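In case you want the letters, here they are:
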Amino acid sequence: MSFFPIVIRELLVAARKAATYRNRFWAPLVGLGICVAVISSMQGQGVVGSAQGPWLFYALSVLGLSYSLIVGVRVTADCLSFEKRDGTLGLLFLTDLKGFDVVLGKLAATSLNSIYGLIALIPILAIPLQMGGVTGEDFFRMVLCLLNALFLSLSVGISVSALSYYDRKAMFAGFLTVMMIAAGPYAAMIYVETLDGPVSLG
């Protein structure tokens, strides 16, 4: 496919960045830190055995969701706007590449490290399975939810990057859009509940 040259170019650039390796190192390390903190807190409160599993699973799920929503925007919000400022975006169209190829190539290259970081977090998320109180179905549904949230974040980031010129404006617009999509329905539900009473989502 014609977008492969862009993917290779972006991966070669990313391979020279220290952040590429820090991302995959810190994600599971923070997950392990949360595991230790939650288990220590539960034991201090007298909660032992399988009762710790759901609490730990909830804490790790919040970490994974936060990571998925933030990192996607962070890595893609400036990928196209940087090319505009650098004056190299037009050079890509001197070849036989089309707009679709450029966007898809950028998305594939920038999303790879984000997906690696999330994959590194998944084994930590499976620890509550060994403790009990969490089913395999819950685990796989959460993994799919995190992957979907990461894809949403990546899509929003590259969309605002295509529409923006400055990096800070693109980053702010990306984070604002993701937060509105992720938290907007819950905020609306809470607002309606204050007016009309509890709302059923079923």
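Structure shown above.
Considerations on the overall build of the protein chain
Logical step 1: Each helix and strand counted, the protein chain has 9 helices and 0 strands in total.
Logical step 2: Each helix and strand of the protein chain, placed in order from N terminus to C terminus, yields the pattern α-α-α-α-α-α-α-α-α.
Logical step 3: Relative to its full complement of 202 residues, the protein chain shows a buried share of 38%.
Logical step 4: Across the protein chain, the fraction of contacts at a sequence separation of at least 24, relative to all contacts at a separation of at least 6, is 79%.
Logical step 5: If you sum the accessible surface of the protein chain, you get close to 11,700 Å²; carbon and sulfur atoms cover 71% of it.

Observations concerning helix 4 (residues 79–86)
Logical step 1: Of all the positions in helix 4, only Cys79, Leu80, Ser81 and Glu83 are classed as buried.
Logical step 2: Gly87 lies just past helix 4 and shows a positive phi near 75 degrees.

Concerning the packing of helix 2 (residues 18–44) against helix 3 (residues 52–76)
Each packed pair of helices is defined by two parameters, the angle between the axes and the distance between the axes.
Logical step 1: Taken N-terminus to C-terminus, the directions of helix 2 and helix 3 make an angle of 155 degrees; their axes are 10 Å apart at the nearest point. The angle between helix 2 and helix 3 falls in the class roughly antiparallel. Regarding helix 2 and helix 3, the two cross each other, and that crossing is right-handed. Seen from helix 2, the contacting residues are Asn23, Ala27, Val30, Gly31, Ile34, Cys35, Val38, Ile39, Met42 and Gln43; seen from helix 3, they are Gln52, Trp55, Leu56, Ala59, Leu60, Leu63, Tyr67, Val71 and Arg74.
Logical step 2: Counted by class, the contact of helix 2 with helix 3 contains 14 nonpolar, 4 polar and 1 charged residues.

The rules we used
Residues numbered from 1 in each chain as written. Predicted model: local features only at pLDDT ≥ 70, side-chain atom pairs only at ≥ 80, totals over all residues. Heavy atoms only, no water. Helix = DSSP H or I, 4+ residues; strand = E, 2+ residues; numbered from the N terminus. Buried < 20%, exposed > 50% of the residue type's maximum accessible area, 1.4 Å probe, protein only. Contact = heavy atoms within 4.5 Å. Areas by Shrake-Rupley, 256 points an atom, 1.4 Å probe, with all protein chains shown as cover. Axes fitted to C-alpha atoms, helices over the stretch in contact; angles between N-to-C directions. Parallel < 35°, antiparallel > 145°, perpendicular 65-115°, else oblique. Left-handed = near helix turned anticlockwise from the far one by under 90°. Nonpolar A, V, L, I, M, F, W, Y, C, P; charged D, E, K, R; others polar.

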